[in-house]
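So the chains spell out like this:
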Amino acid sequence: MTRKTDDVVCPNPECAYYLKAEGKAIIKRGKYKTGHQRYYCKHCEKFFMDTIGTAVYRKHLSKEEIRMIYRLFLEKNGIRSIERITGHHRDTISNLLKDTVKNEKTEEYLINQIGLTAEECEKLWVFLEKKRSSSRKST
């Protein structure tokens, strides 16, 4: 399921139509090499992508790679194990997991764009919270 431009609002705080649905003028303008949709606001003349505000924003990973990393993490694979399986550096994987915070936009993106189920998302939040709390105790 892809997002329609009706759902997309301008994320630029300097734009007169910042986060406003009324009167906005946003159009699709191609895709990035990772496959993420690229949008253009005609008011502020800025480009942005559909992942803004999510954990995968500015990560140079395709949707398939992101899905695989999250699914491997949910299967309780370690960072180095995921590194060997996917071929991505452990810092890339750990930064993706570290930046994953529970918010409505991230959860919506993971379900609608990445293809995780609601149950997998709930399990992911539990695992990430356990990982964060255990890392805080050790420092």
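Residues numbered from 1 in each chain as written. Predicted model: local features only at pLDDT ≥ 70, side-chain atom pairs only at ≥ 80, totals over all residues. Heavy atoms only, no water.

## So, the sheet that holds strand β3 (residues 46-49)
Selection rule: In this scheme, strands are said to pair when DSSP sees at least two bridges between them. In DSSP terms, a helix is any run of H or I states spanning at least four residues, a strand is any run of E spanning at least two, and both are numbered starting from the N terminus. To get an axis, fit a line to the C-alpha atoms, keeping to the stretch in contact for a helix; angles then go from 0 to 180 degrees between the N-to-C directions.
In spatial order, the strands read β1-β2-β3; together these three strands make up an open sheet with antiparallel pairing. The outermost strands of the open sheet, each flanked by one partner alone, are β1 (26-31) and β3. Looking at each pair of strands side by side, their axes are set apart by 35 degrees on average, direction ignored.

## Quick look at the layout of surface pockets
Once rolled over the atoms, a probe with the size of a water molecule shows which space is left empty. Applied cut-off: In the cavity and pocket records, a cavity denotes points on a 1 Å grid over the protein atoms alone where a 1.4 Å probe fits but cannot get out, a pocket denotes an open set with protein on both sides within 12 Å along at least 5 of 7 lines, and lining residues are residues with an atom within 4 Å of a point. Grid points are joined across faces, edges and corners, and a volume is the space filled by probe spheres set on the points. Ten residue types, Ala, Val, Leu, Ile, Met, Phe, Trp, Tyr, Cys and Pro, are classed as nonpolar, four, Asp, Glu, Lys and Arg, as charged, and the remainder, Gly among them, as polar.
Reported here for the largest pocket is a volume of approximately 280 Å³. Looking at the lining of the largest pocket residue by residue, the classes come out as eight nonpolar, three polar and four charged.

## Describing the pattern of salt bridges
Note the threshold: In what follows, salt bridge is the name for a side-chain nitrogen of Lys or Arg lying within 4 Å of a carboxyl oxygen of Asp or Glu. The cut-offs for exposure are 20% and 50% of the maximum accessible area for each residue type, with area from a 1.4 Å probe on protein chains only; residues under the lower value are buried, those over the upper are exposed, and the others partly exposed.
Summed over all chains, the structure comprises three salt bridges. Put simply, Arg71 and Glu120 hold a salt bridge, and the shortest N to O gap is 3.0 Å. On the criterion of sequence distance, the pair formed by Arg71 in helix α1 (residues 63-74) and Glu120 in helix α5 (residues 118-138) is long-range, its members being 49 residues apart. Residue Arg71 is classed as partly exposed on the basis of its relative accessible area, which comes to 29%. Close ionic contact of Glu83 with Arg90 constitutes a salt bridge, the shortest N to O distance being 3.5 Å. Glu83 sits in the buried class, given a relative accessible area of 18%. Arg90 gets classed as partly exposed once you look at its relative accessible area, which sits at 30%.

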